[in-house]
Amino acid sequence: MPTAPHATLLRPVLPHDLGVEVVERKGVGHPDTLADSIAELASIRYSEYCLREFGAVLHHNLDKVAVLGGRARFGDTDGVYDRPVRVIFGGRISTSFAGRAIPVREILEAAAAEQLRTALPGFERITWRAQRETTDSSKFERWFAPQSLEDLPEHPTAFSNDTAFLVGTAPRTTAETVALLTESWFRQQPWAGSDIKALVIRDGHALNITVCVPALAGHLSSSAEFEDVVRHTAQELTNQLLGRLPGPVTVVCNTRNSRTGPLSGQYFTVSGSAIDYGEDGLVGRGNARSGLITPGQQAGNEALFGKNPAYHVGKVGGWLVDEASRTLAEQAGPCRIAVMWRNGSAYPEPASLDITTTHPDPANAQLVRDALRRTDWVADLVDNQRYLPTVVPAAELLAELDPPTRP
């Protein structure tokens, strides 16, 4: 019987306690987020197919997607693509089960089209193509060519496939909510693209928000009109935040100006994204599974997008610590849960477990361990698309900020 891991009831600084907190959000149209979301949706659609046809998720890791930018040529008020965007699928994937071929290419290309259409308001005006470079290479003969469910060692009991360190915190801090709200607030404007990037710095109660937001070509008639609508939208967001938060709020948009040379803060796009200008995106270079870049969480750099939802520690472990932190926060307030699993570990038996709360309580450890025993992650990860990048509705985020507020 393995010895239970030691649960350390610590009191280091939580993200909620930081005097200065920095949070970044790369919007759904950012090239890196496009790569993340295409990888994740491809895994979801492939998993759905496998569950429907075979009763289990077959081995795959699609976390090696690249989105290579195209090129749009702009006239006075519009633009036309003359070089396509390229979506390149890497990674490894099972292409058959018991000798029956799986339509991998069709599944991946359909997922890429679906996600690009969802994330890019100008999707119908771009040109793009998909390229599949996945393999079925493995030192195990049947790893990517199973003959039966017995060739899936994680079925029916999953275990960690690698050594990894995962961190979950709950609830969202004010700065985290504001970063998500900033994207959502601008994205609801009909003239705005989806490649919206927000950087929020909270210094005490003061918020400094810097935003880069593109316009869709054809929606605005001039650079002056672009400046007016951006300024007006930023002021509306400022007013919303001032009415809910205790400190000063500053929102600054598209900060590049004429002092930088011939380039300016005018940012027009066909698709809604910088992929129009040849910008590339790769899985794992942007947001974490929270949808944010949050150095205050003291987390690692595990990227879950496209990873196998049946057993991969980067995805299953992330889900477990997120569920554990959510459950604990409901009982004990703001918390941070840090877990390390070794390769081959059963998920209820991590090698280390550190729990941080505002008011440490020995009962917290049992609550967290109970959460780590859950086995219902596949339905949430696949059916509910738990970690597929999306824009959180502004009304939902504003409700989070309604008094009483958190620091």
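Here, the structure is the one placed above.
Only a predicted model underlies this, so the values are computations on that prediction, with no experimental measurement involved. (Residues numbered from 1 in each chain as written. Predicted model: local features only at pLDDT ≥ 70, side-chain atom pairs only at ≥ 80, totals over all residues. Heavy atoms only, no water.)

Brief notes about helix α3 (residues 174-187)
Three or four residues apart is the spacing at which side chains of an α-helix point the same way, because the helix has 3.6 residues per turn.
Reasoning step 1: Between the first and last C-alpha of α3 there are 20 Å, a value that for 14 residues agrees with the 20 Å anticipated at 1.5 Å per step.
Reasoning step 2: With respect to burial, α3 is a largely interior element, 13 of its 14 residues being buried. (Helix = DSSP H or I, 4+ residues; strand = E, 2+ residues; numbered from the N terminus. Expected span 1.5 Å × (residues − 1). Buried < 20%, exposed > 50% of the residue type's maximum accessible area, 1.4 Å probe, protein only.)

Here's the deal with a nonpolar patch on the surface
Reasoning step 1: On the surface, Val20, Val22, Leu199 and Ile201 cluster together into a nonpolar patch covering about 270 Å² of accessible area.
Reasoning step 2: As for its position among the elements, valine 22 is in strand β2 (residues 20-26). (Patch = residues over 30% accessible without salt bridge, like charges linked within 9 Å, V, L, I, M, F, W, Y side chains within 5 Å. Areas by Shrake-Rupley, 256 points an atom, 1.4 Å probe, with all protein chains shown as cover. Salt bridge = Lys/Arg side-chain N within 4 Å of Asp/Glu carboxyl O.)

Some thoughts on the packing of helix α5 (residues 313-332) against helix α6 (residues 363-372)
Reasoning step 1: Contact geometry of α5 with α6 gives a least axis separation of 9 Å together with a crossing angle of 145°. Pair α5 / α6 crosses with right-handed handedness. Mapping the contact onto sequence places Leu320, Ala324, Thr327, Leu328, Gln331 and Ala332 in α5 and Asn364, Leu367, Val368, Ala371 and Leu372 in α6.
Reasoning step 2: Tallied by class, the residues present in the contact of α5 with α6 amount to eight nonpolar, three polar and no charged. (Axes fitted to C-alpha atoms, helices over the stretch in contact; angles between N-to-C directions. Left-handed = near helix turned anticlockwise from the far one by under 90°. Contact = heavy atoms within 4.5 Å. Nonpolar A, V, L, I, M, F, W, Y, C, P; charged D, E, K, R; others polar.)

Looking at the sheet that holds strand β7 (residues 85-89)
To summarise the sheet geometry, strands pair through backbone hydrogen bonds and adopt either a parallel or an antiparallel arrangement.
Reasoning step 1: On the basis of which strands lie adjacent, the open sheet formed by four strands has the order β11-β7-β4-β18 and mixed pairing. Looking along the sheet, the strands with just one partner apiece sit at the ends: β11 (128-132) and β18 (281-282).
Reasoning step 2: In this sheet, β11 lies alongside β7 in parallel orientation, the contact comprising five bridges. Along β11, the bridge assignment pairs valine 87 with alanine 130.
Reasoning step 3: Across the face of the sheet, helix α1 (residues 31-54) comes into contact with β4 (65-68), β7 and β18 while running at roughly 135° to β4.
Reasoning step 4: Across the sheet, helix α2 (residues 104-119) is in contact with β7 and β11; its angle to β11 comes to roughly 145°. (Pairing = 2+ DSSP bridges.)

Brief notes about the packing of α3 against helix α8 (residues 394-401)
Reasoning step 1: Interaxial distance between α3 and α8 falls to 9 Å at its minimum, and their mutual angle equals 155°. Taken as axis vectors, α3 and α8 run roughly antiparallel relative to one another. Our pair here, α3 against α8, has a crossing hand that is left-handed. In contact with Thr174, Thr177, Val178, Leu180, Leu181, Ser184 and Trp185 of α3, α8 contributes Ala394, Leu397, Leu398, Glu400 and Leu401.
Reasoning step 2: Per-class residue counts for the contact of α3 with α8 are eight nonpolar, three polar and one charged. (Parallel < 35°, antiparallel > 145°, perpendicular 65-115°, else oblique.)

Describing the packing of aromatic side chains
Reasoning step 1: Counted according to the given criterion, the structure contains 11 aromatic pairs.
Reasoning step 2: Pairing phenylalanine 140 with tryptophan 143 gives two aromatic rings, centres 5.6 Å apart and planes at 40°, and the pair type is tilted.
Reasoning step 3: Classification of phenylalanine 140 by relative accessible area gives partly exposed; the value is 46%.
Reasoning step 4: Taken together, the ring pairs connect Trp319, Trp341, Tyr347 and Trp377 into an aromatic cluster. (Phe/Tyr/Trp six-rings, centres within 6.5 Å; stacked < 30°, edge-to-face > 60°.)

Things to note about the pattern of salt bridges
Reasoning step 1: A complete count under the given rule lists 29 salt bridges for this structure.
Reasoning step 2: In this structure, arginine 373 and aspartate 370 form a salt bridge, with 2.7 Å as the shortest nitrogen-oxygen distance.
Reasoning step 3: What you see here is one network of salt bridges that share partners, running through Glu323, Arg326, Glu330, Arg374, Asp376, Asp380 and Arg386.

Digging into the environment of aspartate 280
Reasoning step 1: Mapping aspartate 280 onto the fold places it in the loop between β17 (268-269) and β18.
Reasoning step 2: Accessibility expressed as a relative area gives 43% for aspartate 280, which makes it partly exposed.
Reasoning step 3: In this structure the C-alpha to C-alpha distance between aspartate 280 and asparagine 208, which are 72 residues apart in sequence, comes to 28 Å.
Reasoning step 4: For aspartate 280, the side chain forms a polar contact with the main-chain nitrogen of glycine 69, separated by 2.9 Å. (Polar contact = N/O pair within 3.5 Å; in protein donor to acceptor, adjacent residues only side chain to side chain.)

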